[in-house]
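Structure assessment
What follows is the residue order along each chain.
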Amino acid sequence: MDFKLTSDQESLVSAIDKIAQGFAAKPTDFHGFSLVSEAFERELEEGGYFDVATIPEFGHLGAAMVVERLARLPFTAEVALSLLVRSNLPGEWPRPLAVVERGRPGRFVATAKTILIIDGDAIRVLEPTRTQVERVESIFAYPMGRLASDANGTLLSRGEAATVRQWLRVALAAEASGLLEATVACVVDHITQRKQFGRPLGTFQALRHRMAECAVLAGGVKWLALKAAATADPADAALAAFHAQEAATRVVYDAHQMLAAMGMTLEHSLHLWTYRLKALISEQGGRGGQAAAVAQECFGGRVLV
Amino acid sequence: MDFTWDNEQRRFRATVRDFLATHLPHDWEAHAHGPGTAWQSAFSKRFCGQLAASGLLVPHWPARWGGRDADAWTAFILAEEMWEAGEPRGGQYMNVNWIGPTLMRFGTEAQQEAYIPPIARGETIWCQGFSEPEAGSDLASLRTRAEKTSEGRYSINGQKIWTSYASQADTCFLLARTSAGRNGISVFLVPMSTPGIIVRSIPSVIGEGDIHEVFFDNVEVPADAMLGAEGQAWEIARAALSMERVGIPRFAFATRMLHRAVESLQRAGRFEQGAIEQAARARAACEAARLYSYAIIDKRRHGVTIGAEASVARFATVAAERAVGEFVVEFLPEALSGGDPMLLAHHQRAIVAGIASGAAEIQLNLIATEFLGLPREPR
């Protein structure tokens, strides 16, 4: 047990932070939901960062660190599935990846080269044609898309599907961890600056305590996500995803309460993180789905659902 | 970063488990596990003596005091296993966590010689005389006075309250006011047999003999009963509490009790949707608390100064205790009505998790200011 970063991990994190610097601010004229950048994608691609998990010095733990750090940015890209799920698929599949659950619109579906179609217990993998996908407008702060209902794909075995589900949970938790950290930082900044009744909002105990609790939840998600990536244990993955969705539900609400009307504007960046978190809250069966996974993996599977 | 235990750590954990399997009585779980009961205190002296003889009471202490200079992980693995078993060391966990180390840091040679060896042999109980009727979270407002007498001794008058283990304790780690103001508080090491000390047990929901009132009526102690310098109590207490806050792996017992409750529900065919979600919530909270605590221990092992993250770990632990406690109340209430003494013991410990060693709300204030960097509240 050693929580100090290795020199390889420090180098990786430092390189990612350097890339992140160029995308750390929302363009002032951007007043939308889905903030993407070809340059951001290109830098990550050219640096080989989408393959971090396959490099022994980094592995899935290094990949989770990358996902967590990049998720803090106002810009988004399909990072989590490429880094944490792709290497756990049977065979070679091109990125970007997307997930379609129960036929609903999903993140990055319109641009994905590989789509995981989840329908009940079954998971199929598909390389979609351009006519099978379409963009949809969405309040969620990701580029959202829809897959044609007749699209099929290669059916994964039960074991392969279980592995994919496990790494989808790790990916969700790692991404949520970065989003939560950015959300908390954003709120702390706001309530430090914003004054009411003659003093900063952050001096009022009612808000201080709520933010402190949010910070504890957010940090817990980070530790659980990193552990789940490191151990590759399905129980850790289920716990991480559950805690991520649980924390996100609470933190998103509190963050918007503290920013009040300012947090409702598209001028402010808050929605870029909170509406990504809301998208993640809705995935993989939500907390009920993760709870069933925790019951299965941690409590011995004797579940009566 | 590595989340796996090395071979030495695994071996040590196995050694502790073997010890517990060998030395816990077969009816251990049937006893009421109030940590301050007369039975528990007597048992702890026998059990801690056996731990000491096996080199498992204070392995993290310096060799001079009976330890082997083991690292912070060793101490924490030991504590995890003890708490998971229901803490058979009773109140003596406090001795090895912070009383001994505080004496090593601030005590005179004579104080160390007098007090540390009995702790290292596992034969003594201490109590912590901090809280008073008018001084709980606001510890600086304490009123118990220690006044110098014409013979150069100190005469102590006042009242402490919520004092754990007081009726069984041999010595009190006492805070008393020697002059006015925040820097006018000093620490005294007071034998509980000193004339003028009266202990009254307070009946409570957390078990027999756990909390007390302690009255000091012209209690005279020699000048060398003072630990550190006059007025140094704040610094000493902060150092002691920082060890205490992450020294108790409450999540270990909470996790075990959660699994125990779930197994009961599964056997009864009652582990259904509502219970499943609450159990997942509690299990995740326990794991988060575990990892937060590990992060602190890792910093301690690497010699890194620990700041407000100790409060973060503490609050995460309080949340975990609460989640497990509430799970049992909601889904397995019969456990608290004679059904399972261990689950009752957990419940009683869980409800004080956010109160003992500094209220959870004080931790939230520390997190807000020192961890998040929010501006301070006006006073």
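Position labels on residues start from 1 in each chain and follow its written sequence. Chain A is the first chain written and ligand 1 is the first ligand written, with later ones labelled in order. Under the rules for a predicted model, residues below a pLDDT of 70 receive no local features and side-chain atom pairs below 80 are neither given nor counted, while totals for whole chains, interfaces and linings still include all residues.

**Quick look at the overall build of chain B**
Spelled out, the test is: Counting from the N terminus, the helices are DSSP H or I runs at least four residues long and the strands are E runs at least two residues long. Residue burial here comes from a neighbour count, namely the number of other C-beta atoms, placed from the backbone, that lie within 10 Å of the residue's own C-beta, with 20 or more meaning buried, 12 or fewer meaning exposed, and in between meaning partly exposed. Each residue is represented by a C-beta atom placed from its backbone, and any two residues with such atoms within 7 Å are regarded as in contact.
Check the secondary structure of chain B and you find 11 helices and eight strands. Along the first, second and third principal axes, the C-alpha atoms of chain B reach 70 × 50 × 45 Å. Split into buried and exposed, the 379 residues of chain B put 51% on the buried side. Intrachain contacts of chain B at a sequence separation of at least 6 include 73% that bridge at least 24 residues.

**Topic: the overall build of chain A**
Our working rule: Throughout, the radius of gyration refers to the C-alpha atoms, and the reference size of a globule is 2.2 Å times the residue count to the power 0.38.
The helix and strand inventory of chain A stands at nine helices and nine strands. Over its C-alpha atoms chain A spans a radius of gyration of 19 Å, differing by no more than 12% from the 19 Å that the globule rule assigns to 305 residues. Reported as C-alpha extents along the three principal axes, the dimensions of chain A are approximately 60 × 45 × 45 Å. When burial is assessed residue by residue, chain A has 51% of its 305 residues classed as buried. Counting contacts in chain A only where the partners sit at least 6 residues apart, residues at least 24 apart contribute 69% of the total.

**Description of the interface of chain A and chain B**
With 48 residues of chain A at the interface, the matching set in chain B holds 44 residues. Those elements giving two or more residues to the side of chain A that touches chain B turn out to be α5 (158–193), β9 (199–200), α6 (205–231), α7 (234–264) and α9 (286–298) of chain A. Of the residues forming the side of chain A that touches chain B, the biggest block, 16 residues, is contributed by α6(A).

**So, the domain arrangement of chain A**
Residues and elements named next belong to chain A. Formally: Domain delimitation follows an automatic or database domain assignment. Each residue receives one of three labels: charged for Asp, Glu, Lys and Arg, nonpolar for Ala, Val, Leu, Ile, Met, Phe, Trp, Tyr, Cys and Pro, and polar for the others, Gly being one of them.
Examined at the domain level, chain A breaks down into domain 1 (7–151) and domain 2 (159–298). Of note, the centres of domain 1 and domain 2, computed from C-alpha atoms alone, are 18 Å apart. If you look at the interface, domain 1 gives 34 residues, while domain 2 gives 31 residues. Looking at the side of domain 1 that touches domain 2, the elements with two or more residues in it are α3 (59–70), α4 (80–84), β1 (97–101) and β4 (122–126). A per-element tally of the side of domain 1 that touches domain 2 places α3 first, with eight residues. Each residue belonging to the side of domain 1 that touches domain 2 can be placed in one class, and the counts come to 23 nonpolar, five polar and six charged.

**Quick look at the packing of α9(A) against helix α8 (residues 273–301) of chain B**
Two quantities define a packed helix pair, namely the angle between the axes and the distance from one axis to the other. In plain terms, the rule: To get an axis, fit a line to the C-alpha atoms, keeping to the stretch in contact for a helix; angles then go from 0 to 180 degrees between the N-to-C directions. Angle categories are assigned with fixed cut-offs, so that under 35 degrees is roughly parallel, over 145 is roughly antiparallel, 65 to 115 is roughly perpendicular, and the rest are oblique.
With their axes 8 Å apart at the nearest point, α9(A) and α8(B) run at an angle of 75° to one another. As far as their axial angle goes, α8(B) and α9(A) are roughly perpendicular. Only B:I276, B:E277, B:A279, B:A280 and B:R283 of α8(B) make contact with α9(A), whose side of the interface consists of A:R287, A:G288, A:Q290, A:A291, A:A292, A:V294, A:A295 and A:C298. Looking at the contact of α9(A) with α8(B), its residues break down into eight nonpolar, two polar and three charged.

**Examining the domain arrangement of chain B**
By a widely used convention, the size of an interface equals the accessible area lost when the partners come together. Residue and element names in this part refer to chain B. Split into domains, chain B comes out as domain 1 (7–124), domain 2 (127–232) and domain 3 (246–371). A straight line from the C-alpha centre of domain 1 to that of domain 2 covers 25 Å. Contact with domain 1, which involves 17 residues of that partner, is made by 15 residues of domain 2. Listing elements by their share of the side of domain 1 that touches domain 2, those giving two or more residues are α2 (38–53), α4 (92–106) and α5 (109–121). Of the residues in the side of domain 1 that touches domain 2, the class split is eight nonpolar, nine polar and no charged.

**Side note on the sheet that holds strand β3 (residues 114–119) of chain A**
Residues and elements named next belong to chain A. Basically, it comes down to this: Note on pairing: DSSP must find at least two bridges between two strands before they are called paired.
Across the sheet, four strands lie side by side as β1-β3-β4-β7; this open sheet has mixed pairing. Where the open sheet ends on each side, the last strands, each with one partner, are β1 and β7 (154–155). The sheet contact formed by β3 and β4 spans five bridges and is antiparallel. Considered in β4, the bridge of D119 is made with A122.

**Some remarks on the sheet that holds strand β5 (residues 133–136) of chain A**
Residue and element names in this part refer to chain A. Strand order in the open sheet formed by three strands is β2-β6-β5, with antiparallel pairing between adjacent strands. Looking at strand neighbours, the two that pair on one side only are β2 (106–107) and β5, the edges of this open sheet. As defined by bridge partners, β2 adjoins strand β6 (residues 144–147) across two bridges and the pair is classed as antiparallel. Its bridge partner lying in β6, R107 is registered against M144.

**Some words on the pairing of β1(A)**
Residue and element names in this part refer to chain A. Among the five residues that make up β1, four are buried, leaving the element largely enclosed by the rest of the structure. Here five bridges tie β1 to β3, and the two strands are oriented parallel to one another. Residue E101 lies in a different strand from β3, and its bridge partner there is I118.

**Overview of helix α3 (residues 72–84) of chain B**
Residue and element names in this part refer to chain B. Operational definition: Multiplying 1.5 Å by the residue count of a helix minus one yields the expected span of that helix.
Compared with the 18 Å implied by 1.5 Å per residue over 13 residues, the 18 Å span of α3 between its first and last C-alpha is a close match. Where burial is concerned, most of α3 is hidden: 11 out of the 13 residues are buried. Every buried residue of α3 is listed here: W73, T74, A75, F76, I77, L78, A79, E80, E81, M82 and W83. Along its buried surface, α3 packs onto α1 (7–23), α4, α7 (250–267) and α8.

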